[in-house]
Amino acid sequence: MVFKIDQAALLLRGFSAFRNAGYILICLLSIVLLHVIYVWFFSPLCHIPGPFLARFTRLWEFWMIAKGDSHQRWVELHEKYGPVVRIAPNLYSFSEVEDMKAIYSPGNKLPKTTYYNTAGDPERRNIFSMTNADDHALRKRKISNLYTMTSMINYEPAVDKMNAVLMEKFRQFWRENRTVMIPQFVQYYAFDVIGQITVDESFGMMQKEGDAENMLETVKKATLYQNLGGIFPEFHPYFVKVNNLFRVPHAGVVLERVSRRHLEHHKTHPVVNNDKITHAQPFVTKLLKMESEGKVDMLDMIDGIGANIVAGSDTTAITLSAALYYLYRIPNVLSKLRKEIGDLAADGRISDPVTFSEAQNMPYLQAVIMEALRIHPAVGYLLPRRVNKEGLLLAGTYFPEGTEVGVNAWALHHNPRFCGPDYQEFKPERWFNQEYQRNLHLASSFAFGAGSRLCLGKNVSLLELTKVIPQIVRHFDLEFENPNEGWKLLTTWFVWQDYRCWIKPRVEAQA
Ligand code: HEM
């Protein structure tokens, strides 16, 4: 009998525990439901359209990025939902020029968001990952004169030197009758040029047809991590701790090692204007001179060299790969560029190789470069900024403090309202169309970002592109290994391409 009472008591206790668990579950479900109702109907920005799940969780965005083709998804999202789209509970993407101007206007001073934390060590910010506007302005002021148009004259001989190596390698590929993965080879090229410009020494990747000091590989992994990790930046400090515990050589470590070695070498072996005619002077020499004048310290110098390598190589390589792909896919465009080169050469108005200043007077070449930057911006993610305490009026809606907003170059550059209805086509001619010209210039420079965080190396990359494209076009034909297939793309932070070509020297091929 006692046993039965105990049994009944147990049963009752079990039942009440079950009932309590039920209450807790109902409470939790009610909270979720109330949250859904609030977000859906009453939150201040509830009217902004976007994918359903993006209203409630950052996992939707994470999933979109993780699939590896997000550059295209941004374009489709804006085609479907209009000029402003909710990407995550607190993140909004814009695709109109007016909103782009407002978000990145230096006057509005919107800082970078915590997304950028994952682009470096939280304890030691680099120029790219800094979110504090004052810290950034100070760092930028110290080194920005190394990137001016007038500084380019110092770097031009370095580009010529590396272009000569590229030309020789192209002839070698032809002699050896092999196809080349163009985006990969021009990635070696871009790293070598940045090495030559920055530390007066190519990294030897073109010669080796491979990575040097694991730079390429670690930078690639870093951008992949930055892009996915940036969606959940609160986990980054833990990730860094674990990484340091296991001494994993991440990009920061690799680049610091490379930078320190070159700085030490140049301190004992200074370059004293190694070319008196062209006034060639590498970046590192300028940095060391500034250090001797007390204008920069060791950290500034490491950051400057590291930033050039990380930010300046893949970006330029991707733009060059895009320009070559479209030029050799569209014979009409290629022949127009060849005609411009041929006519100017016949008049003695350009040299071989073309100088940077001569290239400024080659309108079709400039249009080809701008169109490559427009149709295939190297960065595939939006550049997020946090609205400050004044709030911001965008697309007719007031966005309060703390909201994260940004523009993705792919969405902006594929907006028919200012690129024309044929925005999916590679058409350098659109740059001569008066109707679109103003907005096109504004928008396509967005491949380099905008405002106070505009790409510091824009002139460096234009120096490279304006010199190497005419060289290749003048002297080589590229034939696609699979002419009936398009290229393959993979998006992390960058939008990487994959295509293979046979290379033929034009003169030798005709002989
Ligand atoms: C076609 C080539 C290039 C493209 C498309 C490009 C694109 C960009 C973009 C979009 C940003 C802004 C990122 C943001 O706001 O989050 C940026 C920043 C930066 N880029 Fe470039 N870049 C290129 C070449 C270069 C080169 C050659 C260098 C160096 C020699 C360089 C150095 C930098 C640096 C240091 C920053 C950070 C600037 C700051 O925050 O103040 N870039 N770049």
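Worth saying up front: this structure is predicted, and the values here are computed from it rather than measured.

**Some words on the overall build of the protein**
So, point 1. Looking only at helices and strands, the protein has 22 helices and 11 strands in total.
So, point 2. Expressed as a percentage of its 511 residues, the buried residues of the protein come to 51%.
So, point 3. Counting only contacts in the protein whose residues sit at least 6 apart along the sequence, the fraction spanning at least 24 positions is 73%.
So, point 4. Of the roughly 24200 Å² of accessible surface on the protein, a fraction of 60% belongs to carbon and sulfur atoms.
So, point 5. For the protein, the centre of its 57 positive side-chain charges and the centre of its 53 negative side-chain charges are spaced 4 Å apart.

**Re the sheet that holds strand β4 (residues 385-386)**
So, point 1. Spatially, 4 strands are ordered β1-β2-β7-β4 in an open sheet, and the strand pairing comes out mixed. Single-partner strands in this sheet number two, and they are β1 (84-88) and β4.
So, point 2. Relative to strand β7 (residues 404-407), strand β2 (residues 91-94) runs parallel, the two being bridged by 4 bridges. For F94, the partnering residue across the bridge sits in β7 and is V407.
So, point 3. With respect to the sheet, helix α3 (residues 70-81) is in contact with β1 and β2, its orientation differing from that of β1 by roughly 130°.
So, point 4. The strands that helix α4 (residues 97-104) touches are β2, β4 and β7; relative to β7, the one it contacts most, it runs at about 125°.

**Regarding the nonpolar core**
So, point 1. Counting 143 residues, the largest nonpolar core has M215, F399 and I469 as the members making the most contacts within it.
So, point 2. In terms of residue count, helix α7 (residues 182-199) provides more of this core than any other element does, 11 residues in total.
So, point 3. The contacts of I469, once residues within four sequence positions are left out, are L320, A323, L327, L337, L365 and I369.

**What to know about the UniProt feature "binding site: heme" (unreviewed entry) in the protein**
So, point 1. Within this numbering scheme, the UniProt entry marks C455 as carrying the feature "binding site: heme" (unreviewed entry).
So, point 2. Relative to the assigned elements, C455 resides in the loop between α20 (434-444) and α21 (458-475).
So, point 3. For C455, a relative accessible area of 30% puts it in the partly exposed group.

**Considerations on the side chain of R55**
So, point 1. Within the secondary structure, R55 sits in the loop between α1 (2-42) and α2 (59-66).
So, point 2. Within the buried set, R55 has no salt-bridge partner at all; the shortest N-O distance to an opposite charge, 15 Å, is to E61.
So, point 3. In this structure the side chain of R55 is engaged in a polar contact, spanning 3.0 Å, whose partner is the backbone oxygen of C46.

**A word on the site of the ligand**
So, point 1. Of all residues adjacent to the ligand, which total 28 residues, the nearest are Y116, H136, R385, R453 and C455.
So, point 2. Between the ligand and Y116, the relevant distance is 2.5 Å, taken from an oxygen atom to a side-chain nitrogen or oxygen of the residue.
So, point 3. One nitrogen or oxygen atom from the main chain of I127 is found 3.4 Å from an oxygen atom belonging to the ligand.
So, point 4. Mapped onto the shell around the ligand, the elements with two or more residues apiece are α13 (298-312), α14 (314-329) and α21.
So, point 5. Along the lines of polarity and charge, the residues of the shell around the ligand split into 16 nonpolar, 9 polar and 3 charged.

**Examining the packing of aromatic side chains**
So, point 1. By the definition in use, this model includes 28 aromatic pairs.
So, point 2. Ring geometry for F170 versus F185: centroids 5.9 Å apart, planes at 45°, classification tilted. Taken together, the positions of F170 in helix α6 (residues 152-175) and F185 in helix α7 put the pair 15 residues apart, joining distant regions of the chain. A single burial state applies to F170 and to F185, both of which are buried.
So, point 3. Ring plane angle 15° and centroid distance 3.9 Å describe the contact between Y325 and W487, whose orientation is recorded as stacked. Linking Y325 in helix α14 with W487 in the loop between β8 (476-480) and β9 (488-491), this pair joins segments that are 162 residues apart in sequence.
So, point 4. Residue Y325 is classed as buried on the basis of its relative accessible area of 7%.
So, point 5. Sitting over the ring of Y116, K112 keeps its end group 4.0 Å from the ring centre.
So, point 6. Taking NZ or CZ as reference, K220 lies 4.3 Å from the ring centre of W496, over its face.

**As for the packing of α6 against α7**
So, point 1. The N-to-C vectors of α6 and α7 enclose an angle of 150°; their axes lie 9 Å apart at closest approach. Classified by the interaxial angle, the pair formed by α6 and α7 is roughly antiparallel. Of the two possible hands of crossing, α6 and α7 adopt the one that is right-handed. Contacts from Y155, A158, V159, K161, M162, N163, L166, K169, F170 and F173 in α6 reach F185, Y189, D192, V193, Q196 and I197 in α7.

**Some points on the environment of N243**
So, point 1. Checked against the element boundaries, N243 lands in helix α10 (residues 236-245).
So, point 2. Each C-alpha atom of the pair N243 and W502 lies 42 Å from the other, and the pair is 259 residues apart in sequence.
So, point 3. With residues up to four places along the chain from it excluded, the contact list for N243 reads V248 and H250.

**A look at the pattern of salt bridges**
Side chains that differ in sign of charge can pair as their charged atoms come close.
So, point 1. By the definition in use, this model includes 33 salt bridges.
So, point 2. Put simply, E256 and R124 hold a salt bridge, and the shortest N to O gap is 2.8 Å. Placement of E256 in helix α11 (residues 251-268) and of R124 in the loop between α4 and α5 (133-143) is noted, with a sequence separation of 132 residues between them.
So, point 3. Relative accessible area serves as the criterion here: at 19%, E256 is assigned to the buried category.
So, point 4. For R124, a relative accessible area of 39% puts it in the partly exposed group.
So, point 5. A salt bridge links K339 to D343, with the shortest nitrogen-to-oxygen separation between them at 2.7 Å. Here K339 pairs with D343, and both are found in helix α15 (residues 331-346), just 4 residues apart, close to one helical turn.
So, point 6. Through salt bridges with shared partners, a single ionic network connects E371, R374, D422, K427 and R430.

**Details of the sheet that holds β8**
So, point 1. With antiparallel pairing, the 3 strands of this open sheet are ordered in space as β3-β11-β8. Each of the sheet's edge strands pairs with one partner strand only, and the pair in question is β3 (180-181) and β8.
So, point 2. Of the strand pairs in this sheet, β8 and strand β11 (residues 500-505) are connected by 5 bridges, and their pairing is antiparallel. Directly across from L478, in β11, lies its bridge partner I503.
So, point 3. Contacts from α21 reach β8 and β11 within the one sheet, and its direction differs from that of β8 by about 85°.

What counts and what doesn't
Residues numbered from 1 in each chain as written. Predicted model: local features only at pLDDT ≥ 70, side-chain atom pairs only at ≥ 80, totals over all residues. Heavy atoms only, no water. Helix = DSSP H or I, 4+ residues; strand = E, 2+ residues; numbered from the N terminus. Buried < 20%, exposed > 50% of the residue type's maximum accessible area, 1.4 Å probe, protein only. Contact = heavy atoms within 4.5 Å. Areas by Shrake-Rupley, 256 points an atom, 1.4 Å probe, with all protein chains shown as cover. Lys, Arg positive; Asp, Glu negative; His and termini not counted. Charge placed at Lys NZ, Arg CZ, Asp CG, Glu CD. Pairing = 2+ DSSP bridges. Axes fitted to C-alpha atoms, helices over the stretch in contact; angles between N-to-C directions. Core = buried A, V, L, I, M, F, W, Y, C linked by side-chain atoms within 4.5 Å. UniProt positions renumbered as here; feature names shortened; annotations may be inferred. Salt bridge = Lys/Arg side-chain N within 4 Å of Asp/Glu carboxyl O. Polar contact = N/O pair within 3.5 Å; in protein donor to acceptor, adjacent residues only side chain to side chain. Near = heavy atom within 4 Å. Nonpolar A, V, L, I, M, F, W, Y, C, P; charged D, E, K, R; others polar. Phe/Tyr/Trp six-rings, centres within 6.5 Å; stacked < 30°, edge-to-face > 60°. Lys NZ or Arg CZ within 6 Å of the ring centre and 35° of its normal. Parallel < 35°, antiparallel > 145°, perpendicular 65-115°, else oblique. Left-handed = near helix turned anticlockwise from the far one by under 90°.

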